[in-house]
Amino acid sequence: MAQRTKKGTRKLRLTVDLARIFNRVMTNKSPDVRRALRSKLTDVSVKRAFALNAIELITKRTLSNKDVNGESFAKYSKSYKKSAEFKIYGKSATKVNLKLTGEMLASMVSKPKAGTSIVLEFIDADNNNKAHGHTFGGGVKNSLPIRDFFNLTSDEENELLTDILKESSTEEDVNALADFFTLALDDLL
Amino acid sequence: MIKMRVKKGSILDASVRRKKFKKLKQQALSKKIMKRLAKSTEDLVYKRVKSGYGVKGNTKGKLKKLSPRYKKYRKGKPLGEFGTPNKSNLTLTGQMLQAFGNKVTKNTFNLFIKKTSRKTITGGSDKHNNAKIAEFVSKLRPFLSLSKPEARVIISEYRQHIKDVARKIFN
């Protein structure tokens, strides 16, 4: 699994070392192929594609009501289900997907890091705190249960890296194209 | 600033994949996707206002509270959806927030409140239209714009659309 900041740390961060995953998934390749592929792990566009696809995976998994272990999230509390916001946002009482406004999931970003690692975090303090609450639980009288969504399993990491490194992969370009078409919208942020 | 690196033979190599790129461009900037994003934005603003929040500059904040006199006036009246006498959420009859409209062009969309006629809370005809009411209430309770985190939600939806389309076209 990726390395996540410990409970008690205010800033929630997920650090993933691509070299560690590489050593796990590329065992059946020849030394030459391994050497060639390994050199790609420090490539900015490979790292960015991995990070953005990881964000996409975490988002889709969470929206499908599953935590990092593939289990359903803890149910919503009775008081939350009775709240006006719950009704206004048309939330389902049984479908727990950590989405009210959608801001928390949309605020996951990747930060550049040297070497073969990538870092995922939340861009602003409000959404970091929300995600922190879900990840470690807590709140007033410990009323907020743990809903562990901000992490990647080893299998998920393996799949993400294999997809990007395979010869026919278009993932680097797909992410570059998404960057290209949303570049002009950066003015809004 | 994001730098783009075009690899020879990659899907960005226009000499090889010009047609596919053109198709992606058409779908990424189509009226259909702009309409979908406009609808999402409308939904986002509607729910935020109904929850009692507005946006000033690009920061989300609670809408200014109602005066005690106005709260008293609202009591016992048939208020619009999610309206309660004490809650400040721009809902008296609910007509203004039901009058959202959007204008979509090839690569942009605009959101506004339509100039539709309205009824007073007692059922008579109102001399002001919904756009005028929106203009008036926006002075003290600005709501028709997006905060940064909200813009991120819409951009992220758009980004996912582009990725889905690009994967379909280039794979």
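Residues numbered from 1 in each chain as written. Chains lettered and ligands numbered in written order. Predicted model: local features only at pLDDT ≥ 70, side-chain atom pairs only at ≥ 80, totals over all residues.

**Quick look at the overall build of chain B**
Turning to step 1, where the next piece is worked out: Each helix and strand counted, chain B has five helices and four strands in total.
Turning to step 2, where the next piece is worked out: Ordering the α and β elements of chain B from the N terminus gives α-α-β-β-α-β-β-α-α.
Turning to step 3, where the next piece is worked out: Taken over C-alpha atoms, the radius of gyration comes to 21 Å for chain B, far larger than the 16 Å a tight globule of 171 residues would show.
Turning to step 4, where the next piece is worked out: Principal-axis analysis of the C-alpha atoms gives chain B an extent of 70 × 30 × 25 Å.
Turning to step 5, where the next piece is worked out: Taking all 171 residues of chain B together, 26% fall into the buried category.
Turning to step 6, where the next piece is worked out: Contacts spanning at least 24 positions in sequence make up 54% of the contacts within chain B whose residues lie at least 6 apart. (Helix = DSSP H or I, 4+ residues; strand = E, 2+ residues; numbered from the N terminus. Rg over C-alpha atoms; globule rule 2.2 N^0.38 Å. Buried ≥ 20, exposed ≤ 12 C-beta atoms within 10 Å, placed from the backbone. Contact = placed C-beta atoms within 7 Å.)

**Topic: the interface of chain A and chain B**
Turning to step 1, where the next piece is worked out: Every contact between the two is made by 26 residues of chain A and, on the other side, 29 residues of chain B.
Turning to step 2, where the next piece is worked out: Looking at the side of chain A that touches chain B, the elements that each hand over two or more residues are helix 5 (84-88), helix 6 (103-106) and helix 9 (171-182) of chain A.
Turning to step 3, where the next piece is worked out: The element that contributes the greatest number of residues to the side of chain A that touches chain B is helix 9 of chain A, accounting for nine residues.
Turning to step 4, where the next piece is worked out: When its residues are assigned to classes, the side of chain A that touches chain B shows 14 nonpolar, seven polar and five charged. (Nonpolar A, V, L, I, M, F, W, Y, C, P; charged D, E, K, R; others polar.)

**Points about the pairing of strand 4 (residues 109-113) of chain B**
Residues and elements named next belong to chain B.
Turning to step 1, where the next piece is worked out: Pairing analysis gives five bridges linking strand 3 (residues 100-104) to strand 4, with the strands arranged antiparallel. Each bridged residue has a counterpart across the sheet, and for Val104 the counterpart in strand 4 is Phe109.
Turning to step 2, where the next piece is worked out: Counted between consecutive antiparallel strands, the loop separating strand 3 from strand 4 contains four residues. (Pairing = 2+ DSSP bridges.)

**Description of helix 3 (residues 44-63) of chain A**
Residue and element names in this part refer to chain A.
Turning to step 1, where the next piece is worked out: The terminal C-alpha atoms of helix 3 lie 28 Å apart, and with 20 residues this matches the ideal 28 Å at 1.5 Å per residue to within 8%.
Turning to step 2, where the next piece is worked out: Of all the residues in helix 3, the buried ones are Ser45, Val46, Lys47, Ala49, Phe50, Ala51, Leu52, Asn53, Ala54, Ile58 and Thr62.
Turning to step 3, where the next piece is worked out: Contact partners of the buried residues in helix 3: helix 1 (18-25), helix 6, strand 3 (108-111), strand 4 (117-122), helix 8 (154-165) and helix 9. (Expected span 1.5 Å × (residues − 1).)

**A short note on the pairing of strand 1 (residues 53-56) of chain B**
All names here are of chain B.
Turning to step 1, where the next piece is worked out: With four bridges connecting them, strand 1 and strand 2 (residues 59-62) associate as antiparallel partners. Paired with Tyr53 across the strands is Lys62, a residue of strand 2.
Turning to step 2, where the next piece is worked out: Hairpin connection of strand 1 to strand 2: two residues between the antiparallel strands, including Gly57 at a positive phi of 65 degrees.

**Things to note about the confidence of the model for chain B**
Reading fine detail from the predicted coordinates is not recommended where pLDDT is low.
Turning to step 1, where the next piece is worked out: Overall, the predicted model of chain B reaches an average pLDDT of 91, with 91% of residues at or above 70.
Turning to step 2, where the next piece is worked out: Prediction confidence for the complex, expressed as pTM and ipTM, is 0.91 and 0.92 respectively. (pLDDT = per-residue confidence, 0-100.)

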